Amino acid sequence: MKETILSGMRPTGKLHIGHYVGAISNWVKLQDTYRCFFMVADLHALTTEYKNSNEIKNFSYELVRDLLACGIDPKKATIFCQSDVPEHSELHLIFSMLVPLGWLYSCPTYKEQLRELSSKDIKTYGFLGYPVLQAADILLYKSSKVPVGKDQLPHIELTREIARKFNMLYGNYFPEPEALLTESPYLPGIDGRKMSKSYNNCIFLSDETTEIKLKVNKMFTDPKKIHKNDPGDVTNCVVFAFHKVFNPKYKEIEQLCKAGKLGCVEDKESLYKILEQILAPIRDKRKNVTIEQIKETLLQGKNNASEVAKKTIAEVKHLVGLVSK
Ligand code: TRP
């Protein structure tokens, strides 16, 4: 029996190339080795987007489109939507009875998000419980590993604490899942800041050839390198940061640039070609995925996920004493 993995992504907009290198390309590899559940975390999206929730469904479909285009295979992995499997909400509610408020108030992501999303009115019950819902996602499938980036580690730790507390109260039932840390390479936005929709500096998986070319041309380089033959400093050069992630020969680029033997124009040209090679097949597949295919994938995913989720909830209710022994 393969080990079980669950990971999720919130449907909050188009995916960019940072999502691809930071998460999805890793998911594609994992689907061959593990029993994988990849979840569209629409209820998690609702915790911060409840005021403009009309977009969530469409973003969910587009997320599935991206996953399929990147090579997640619904025959190997279960792709499903969180709100399609009500057992997530049910387990979340049961867990919420035993989670002390202190655990949630002191969660570093909570404090950070309150600060960063200060315009969003997220001092809500639901948002405070974000990690409880995530624990329910993970434990509902008794996942042993959770592929995530560093930023999610506090949530995995909370999940383990919730599992321990449940086990202590009602008998040893849940495994304590571990994070499967994704080596997320550093990939800035085209202006050198963090790649983010709100900064308008992303390269999207759906970008057309001309857009990619334009964006690569706009990328920030070493401001002191003015002439082709000036020696460059690659430290803060966005073009180089991309080479480092996508070009196996990045060391050569570094040497040539430092020696003043590589101009930025030529450097951008070669990067553009590499990116186009990676993104063109994804872009083409994106266009070929039909809405019927997306809905069919989610329906199949819902059925697969529900089978496991229903069994867990029945057992949990039994353990807790909500059904007669
Ligand atoms: N909180 C995760 C993020 O923002 C998304 C997520 C929801 C998730 N449920 C999950 C990740 C369960 C891993 C496991 O990236």
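Residues numbered from 1 in each chain as written. Predicted model: local features only at pLDDT ≥ 70, side-chain atom pairs only at ≥ 80, totals over all residues. Heavy atoms only, no water.

## Re the site of the ligand
Convention followed: Only a single heavy atom is needed: when it lies within 4 Å of a molecule or strand, its residue is near that molecule or strand. Think of a polar contact as two N or O atoms within 3.5 Å of one another; within protein, one of them needs to be a possible hydrogen donor and the other a possible acceptor, and neighboring residues in sequence only count if both atoms come from side chains. Strands here mean DSSP runs of E at least two residues long; helices mean DSSP runs of H or I at least four residues long; both are numbered from the N terminus. Under the convention adopted here, Pro, Cys and the residues Ala, Val, Leu, Ile, Met, Phe, Trp and Tyr are nonpolar, Asp, Glu, Lys and Arg are charged, and Gly plus all remaining residues are polar.
In the vicinity of the ligand, 14 residues are found, and the nearest of them are His44, Tyr130, Gln134, Asp137 and Gln152. One nitrogen or oxygen atom from the side chain of Tyr130 is found 2.8 Å from a nitrogen atom belonging to the ligand. Contact distances for the ligand include 2.8 Å between a nitrogen atom and a side-chain N or O atom of Asp137. Among the elements of the structure, β1 (4-9), α8 (130-140) and β4 (145-148) are those that each provide at least two residues to the shell around the ligand. With four residues, α8 is the single largest residue contributor to the shell around the ligand. Residues belonging to the shell around the ligand are distributed by class as follows: seven nonpolar, five polar and two charged.

## Notes on the side chain of Asp66
The criterion, for reference: Note on definitions: a residue-residue contact is assigned when non-hydrogen atoms from the two residues lie within 4.5 Å.
Secondary-structure assignment places Asp66 in helix α3 (residues 56-70). Within the structure, the side chain of Asp66 is placed 2.6 Å from the side chain of Arg286, a separation counted as a polar contact. Asp66 has contacts with Leu15, Leu205 and Arg286, leaving out every residue within four places of it along the chain.

## Some points on empty space enclosed by the protein
Once rolled over the atoms, a probe with the size of a water molecule shows which space is left empty. To keep it simple, the criterion reads: The distinction between a cavity and a pocket rests on a 1 Å grid over the protein atoms alone: a 1.4 Å probe fits inside a cavity but cannot get out, while a pocket stays open yet meets protein on both sides within 12 Å along at least five of seven lines, and a residue with an atom within 4 Å of a point counts as lining. Grid points are joined across faces, edges and corners, and a volume is the space filled by probe spheres set on the points.
Following the criterion strictly, the structure yields one cavity of 30 Å³ or more and no others. Taken as a whole, the largest cavity holds about 90 Å³ of empty space. Forming the boundary of the largest cavity are 13 residues, of which Lys225, Cys237, Cys257, Cys264 and Asp267 lie nearest the centre. Of all the secondary structure elements, the ones that give two or more residues to the lining of the largest cavity are α12 (250-258) and α13 (264-288). Of the residues contributing to the lining of the largest cavity, the split by class is seven nonpolar, two polar and four charged.

## A look at the nonpolar core
Definition in use: What makes a nonpolar core is a set of buried Ala, Val, Leu, Ile, Met, Phe, Trp, Tyr and Cys residues whose side-chain atoms join them at distances within 4.5 Å. Between buried and exposed lies partly exposed: a residue is buried under 20% and exposed over 50% of the maximum accessible area for its type, with that area taken using a 1.4 Å probe on protein chains only. All domain edges in this entry derive from an automatic or database-based domain assignment.
Membership of the largest hydrophobic core comes to 54 residues, with the highest contact counts inside it found for Ile17, Ile203, Met219, Phe242, Phe246 and Leu275. If you count residues domain by domain, this core takes at least three from each of domain 1 (4-187 + 291-320) and domain 2 (207-286). Once residues lying within four places of it in the same chain are set aside, the contact partners of Leu275 are Ile17, Ile203, Ile212, Val216, Phe242 and Phe246. Within the second largest apolar cluster, 39 residues are counted, among which are Cys107, Val146, Phe166 and Phe174.

## Describing α13
One turn of an α-helix holds 3.6 residues; hence residues three or four places apart share an orientation. Here is the rule we go by: What a helix is expected to span follows from its residue count: subtract one and scale by 1.5 Å. Note on bend: the value at a residue is the angle between axes fitted to the seven residues ending there and to the seven starting there.
With 25 residues, α13 extends 35 Å from end C-alpha to end C-alpha; this agrees with the ideal 36 Å at 1.5 Å per step. Of all the bends in α13, the largest measures some 35 degrees and sits at Leu279, one to four residues before the proline Pro281. Of all the positions in α13, only Asp267, Lys268, Leu271, Tyr272, Ile274, Leu275, Glu276, Leu279, Ala280, Ile282, Arg283 and Arg286 are classed as buried. Looking at the buried residues of α13, the elements they touch are α1 (17-30), α3, α10 (209-218), α11 (238-246) and α12.

## Points about α3
Here α3 spans 21 Å end to end across 15 residues, near enough to the 21 Å set by a 1.5 Å rise per residue. Taken across its 15 residues, α3 has eleven buried, putting it largely inside the fold. Those residues of α3 not exposed but buried are Ile56, Ser60, Tyr61, Leu63, Val64, Arg65, Asp66, Leu67, Leu68, Ala69 and Cys70. Two residues or fewer after α3 comes Gly71, characterised by a positive phi angle close to 110 degrees.

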